[in-house]
Amino acid sequence: DTAVSQTPKYLVTQMGNDKSIKCEQNLGHDTMYWYKQDSKKFLKIMFSYNNKELIINETVPNRFSPKSPDKAHLNLHINSLELGDSAVYFCASSHSWGLAGDRTDTQYFGPGTRLTVL
Amino acid sequence: AQSVTQLDSQVPVFEEAPVELRCNYSSSVSVYLFWYVQYPNQGLQLLLKYLSGSTLVKGINGFEAEFNKSQTSFHLRKPSVHISDTAEYFCAVWGYALNFGKGTSLLVTP
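From a predicted model like this one, the values you see are computed outputs, not experimental measurements.

Looking at the overall build of chain A
Along chain A, the regular secondary structure elements total zero helices and 11 strands. Helices and strands appear in chain A in the N-to-C order β-β-β-β-β-β-β-β-β-β-β. In chain A, buried positions account for 44% of the 118 residues. Residue pairs at least 24 apart in sequence account for 57% of intrachain contacts in chain A once pairs closer than 6 positions are excluded. Total accessible area computed for chain A in this model is approximately 5900 Å², and 50% of it derives from carbon and sulfur atoms. Computing the positive centroid from 13 side-chain charges and the negative centroid from 12, chain A places the two 6 Å apart.

So, in structure tokens, the structure goes:
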């Protein structure tokens, strides 16, 4: 019954490898996000998709490529992993993008994927 | 761009004492503010949010926050904390996505 789920929970890999993190939401939301939380716990938006279309693409290396096969899924693929990519990656979803009137657009977060690059 | 500053990186407090976690936001015409909590090794959970209307916002787990436009603040308060409130607390402002502060670590001890 998990609203936003991510797999895997932990990912340990070598520098230079390519890896993917999967995210699924069963809330019927239109918008999904990827956030990166660094070792100092600072959270920063990376990407956002609304109805499978990319709407936010922050200054992220192009080694990071999000893919949204449908509204319920947003996966994150990372090529040529570097030491600095080590972080916790959070997926989130919301009813829609932005705020419309008083409608709540709370973002619901997944449990996170701890990526360690050796 | 909209931003928030959390003034304290760590706040130690004894159980059953009151607590205030401070957050200031960058000035703007309209501002939408949020407080999220992150328990150890978990994702983030919304505590409360201010979109408009009453400046005193009540959230889950007995937390409340007051939107103060003149001081550009959105401080989080709880009159009596429990050990289980030990967590990381993030203030956030809506820009075109959530822009988070650097977090405040609340440590509640017996």
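A closer look at the layout of surface pockets
Over the atoms, a rolling probe the size of a water molecule traces out where space has been left empty. Considering only enclosed or pocket space, the largest pocket measures out at about 420 Å³ in volume. In terms of lining, the largest pocket is formed by 25 residues, of which the most central are Gln37, Val88 and Arg114 of chain A together with Gln38 and Asn41 of chain B. Contributing elements (two or more residues each) for the lining of the largest pocket: strand E9 (87–94) and strand E11 (113–117) of chain A together with strand E10 (87–94) and strand E12 (104–109) of chain B. Class assignment for the residues of the lining of the largest pocket results in 10 nonpolar, 10 polar and five charged.

About the thresholds
Note on numbering: residues in each chain are counted from 1, in written sequence order. Lettering of chains starts at A and numbering of ligands starts at 1, both following the order in which they are written. Restriction of local features to residues with pLDDT of at least 70 applies here, the model being predicted, together with a cutoff of 80 or more for giving and counting side-chain atom pairs; totals for whole chains, interfaces and linings are based on all residues. The basis for every side-chain value is the complete set of heavy atoms in the structure, and neither hydrogens nor water enter the calculation. Secondary structure elements are defined from DSSP: runs of H or I of at least 4 residues count as helices, runs of E of at least 2 residues count as strands, and each element is numbered from the N terminus. Exposure classes here rest on a 1.4 Å probe applied to the protein chains alone. A residue is buried below 20% of its type maximum, exposed above 50%, and partly exposed in between. We call two residues contacting when some pair of their heavy atoms lies within 4.5 Å. What sets the accessible areas is the Shrake-Rupley method with a 1.4 Å probe; for residues, cover comes only from the shown protein chains. Positive charges are assigned to Lys and Arg, negative charges to Asp and Glu, while His and the chain termini are left out of the count. Lys charges are placed at NZ, Arg charges at CZ, Asp charges at CG and Glu charges at CD. Think of a 1 Å grid over just the protein atoms. A cavity is a set of points where a 1.4 Å probe fits yet cannot get out, a pocket is an open set with protein on both sides within 12 Å along at least five of seven lines, and lining residues have an atom within 4 Å of a point. Grid points are joined across faces, edges and corners, and a volume is the space filled by probe spheres set on the points. When residues are grouped by polarity, Ala, Val, Leu, Ile, Met, Phe, Trp, Tyr, Cys and Pro land in nonpolar, Asp, Glu, Lys and Arg in charged, and all others, Gly among them, in polar.

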